[in-house]
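The chain contents come next:
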Amino acid sequence: MSRLGYRSPPAPVQGSTPLDAVDAVLAMVSQRKLVTAEEARRMLHGVQVAVEGEAPEARIAGIIMDATTTYSDQMVLERSRLVDPLLDIRLVICS
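The text that follows walks through the structure, step by step, so that each part is easy to find. (Residues numbered from 1 in each chain as written. Predicted model: local features only at pLDDT ≥ 70, side-chain atom pairs only at ≥ 80, totals over all residues. Heavy atoms only, no water.)

## Considering the overall build of the chain
When helices and strands are counted, the chain shows 4 helices and 2 strands. With 95 residues in all, the chain has 36% of them scored as buried. By sequence separation, contacts in the chain at least 24 residues apart represent 78% of the contacts at least 6 residues apart. Summing over all exposed atoms, the chain offers an accessible surface of approximately 5,700 Å²; the carbon and sulfur share of this is 54%. (Helix = DSSP H or I, 4+ residues; strand = E, 2+ residues; numbered from the N terminus. Buried < 20%, exposed > 50% of the residue type's maximum accessible area, 1.4 Å probe, protein only. Contact = heavy atoms within 4.5 Å. Areas by Shrake-Rupley, 256 points an atom, 1.4 Å probe, with all protein chains shown as cover.)

Shown next, in the form of structure tokens:
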């Protein structure tokens, strides 16, 4: 459990698609107003693991790097700080 009382995000399901991983994190985040920076990094890392070996992997890694860099000095984030990069990743996967 996190400091905010939420469960830690699950690891991507073995055999799930990258889109499934992004959608699972989006569903989890949509139920919350705040996310700790550590949880956000863990969630984005799970998405990154799910896209390993996929064609847009480098673009997605760039999105994740930008997102984690922008909130590296914060302890708690608003939901939108995690949703925006997840939607960008989803767009890359679907294009």
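Don't stop here, the text continues.
## Here we look at helix 4 (residues 80-94)
Look at helix 4: 20 Å from first C-alpha to last across 15 residues, which is about the 21 Å you get at 1.5 Å a residue. Regarding helix 4, the residues found buried are L82, V83, P85, L86, I89 and V92. Against the buried residues of helix 4 lie helix 1 (18-30), strand 1 (34-36), helix 2 (37-51), helix 3 (57-70) and strand 2 (76-78). (Expected span 1.5 Å × (residues − 1).)

## Some words on a nonpolar patch on the surface
A cluster of nonpolar side chains, namely L34, M75 and V76, defines an oily patch on the protein surface of about 260 Å² accessible area. Along the chain, V76 turns up in strand 2. (Patch = residues over 30% accessible without salt bridge, like charges linked within 9 Å, V, L, I, M, F, W, Y side chains within 5 Å. Salt bridge = Lys/Arg side-chain N within 4 Å of Asp/Glu carboxyl O.)

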